[in-house]
Amino acid sequence: MADEDTKRAAFGALVEGVLAHEGRATAEQRARAYRNSDVPSPLGTLIGKVATRPAQVTLGDFDAAKAAGFSEDQLFELVIAAAVGQSARQYEAALAALAEATANGEAG
Amino acid sequence: MRLEILNRGYSPGTKLLFALIRTFSGQPVPDAAKVVFYRPDFYGAQAKKFTHEAMRGPSAWSVADRELMAAYVSKVNECAFCIGAHTATAGQAHRDGGKVQAVLTDLESAPIEDGLRATLRMLGKLTREGTADAEDMRQVLSAGVSRQQIEDALAVCAAFNTTDRLADAFGFELLSPDGFEAGAKYLLKRGYR
């Protein structure tokens, strides 16, 4: 158990840093990017692509977000928040599925 | 990269470090390394800790198998930079580049153990569809993989589902084959810290 706790704790610290540490984007903006929800366009286009189809991100997506007033440092944070958020949802879903599969001592 | 701050926004000390890396390796500093050096308090410091723990921390999976998982997840994500980096690293770690290529070409016919194959199959579904269910996990368990091994594999998957996204979003520049091989040698010697 110690090893898996160490890995999960390290991921938790990463999430905590992205969402709660001081940043150039507001905590609310980072939380929305992390959830990939309620992010107005054009930023929403960039964040949605990072979460679900990152290979389709273009320089134009960044330029559109900058034209809407976001700085490069804010976009650095918000892109990372979107990537970590999508990864976290997948990690949590898989761990929940594993817990269900191993409930009642099915396997260990 | 698509943000100028990631190309030029580093402290003098970090710029000196990058210059030393270029001098001693004979290769450009990979964009994957640059990203974790930019404002490390926000992301890089914790990302390095988590990735190192997942890839080099205690596990029943070998480093070679975890690098193969990283390459496979990156292949499913179609992330060219991370496919190049971790195909090279897994190939060096396994001392069998052909086996790594076989896994990336056709998982079902590749010459690997059934437990690893079942694990990669589950990681592929999780990465492609964004979720997995208990039946997916039972199939991996029934191939002889322990619960702890699955948890360890999921940590690798989480690390690369993050890094692959950043590579594609920020636009990491591809390295030459020699550059990827040099990076692989470094990752196997020093890890992700």
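Please refer to the structure higher up on the page.
Residues numbered from 1 in each chain as written. Chains lettered and ligands numbered in written order. Predicted model: local features only at pLDDT ≥ 70, side-chain atom pairs only at ≥ 80, totals over all residues.

S.K.: Talk me through the overall build of chain A; I want residue IDs and the actual numbers.
M.R.: Counting its secondary structure elements, chain A contains five helices and zero strands. Counting helices and strands in the order they occur from the N terminus, chain A gives α-α-α-α-α. For chain A, the C-alpha atoms occupy an extent of roughly 55 × 30 × 20 Å along the three principal directions. A burial count over chain A gives 44% of its 108 residues as buried. Taking all contacts inside chain A whose residues are at least 6 apart in sequence as the whole, residues at least 24 apart take part in 57%. (Helix = DSSP H or I, 4+ residues; strand = E, 2+ residues; numbered from the N terminus. Buried ≥ 20, exposed ≤ 12 C-beta atoms within 10 Å, placed from the backbone. Contact = placed C-beta atoms within 7 Å.)

S.K.: An account of the overall build of chain B is requested, with residue identities and associated values reported.
M.R.: The number of helices and strands found in chain B is 11 helices and zero strands. Listed by position from the N terminus, the elements making up chain B come as α-α-α-α-α-α-α-α-α-α-α. Taken against the 2.2 N^0.38 rule, which gives 16 Å for 193 residues, the C-alpha radius of gyration of chain B at 17 Å falls within 12% of a compact globule. Principal axes of the C-alpha set define a box for chain B whose edges measure 55 × 30 × 30 Å. Looking at chain B as a whole, 46% of its 193 residues qualify as buried. Considering only contacts within chain B whose residues lie at least 6 apart along the sequence, 70% involve residues at least 24 apart. (Rg over C-alpha atoms; globule rule 2.2 N^0.38 Å.)

S.K.: Account for the environment of A:T26, naming residues and giving values.
M.R.: Within the secondary structure, A:T26 is located in the loop between helix 1 (2-20) and helix 2 (27-35). Separated by 32 residues in sequence, A:T26 and A:T58 have C-alpha atoms that sit 24 Å apart.

S.K.: Break down the packing of helix 5 (residues 72-101) of chain A against helix 9 (residues 134-142) of chain B for me, with residues and values.
M.R.: As a packed pair, helix 5 of chain A and helix 9 of chain B sit with axes 8 Å apart at the nearest point and diverge in direction by 65°. One finds that helix 5 of chain A runs roughly perpendicular with respect to helix 9 of chain B. Judged by the sense of rotation from one axis to the other, the crossing of helix 5 of chain A with helix 9 of chain B is right-handed. Packed against helix 5 of chain A, whose contacting residues are A:A97, A:L98, A:E100 and A:A101, the element helix 9 of chain B presents B:A134, B:D136, B:M137, B:R138 and B:L141 at the interface. (Axes fitted to C-alpha atoms, helices over the stretch in contact; angles between N-to-C directions. Parallel < 35°, antiparallel > 145°, perpendicular 65-115°, else oblique. Left-handed = near helix turned anticlockwise from the far one by under 90°.)

S.K.: An account of the interface of chain A and chain B is needed here, citing residue identities and associated values.
M.R.: Taken residue by residue, the interface counts 41 residues in chain A and 44 residues in chain B. For the side of chain A that touches chain B, the elements supplying multiple residues, two or more each, are helix 1, helix 4 (59-67) and helix 5 of chain A. In terms of residues, the side of chain A that touches chain B owes the most to one element, helix 5 of chain A, which gives 20 residues. For the side of chain A that touches chain B, the residue count by class is 25 nonpolar, nine polar and seven charged. (Nonpolar A, V, L, I, M, F, W, Y, C, P; charged D, E, K, R; others polar.)

S.K.: Explain helix 7 (residues 97-105) of chain B to me, using residue names and the numbers behind them.
M.R.: All names here are of chain B. Of all the residues in helix 7, the buried ones are V100, V103 and L104. What you see down the axis of helix 7 is that its buried residues fit within an arc of 95°, all on one side. Residues of helix 7 that are exposed and point more than 90 degrees away from the buried face comprise G98 and T105. On its buried face, helix 7 sits against helix 5 (63-76), helix 6 (80-94) and helix 8 (114-129). (Arc of directions from axis to C-beta.)

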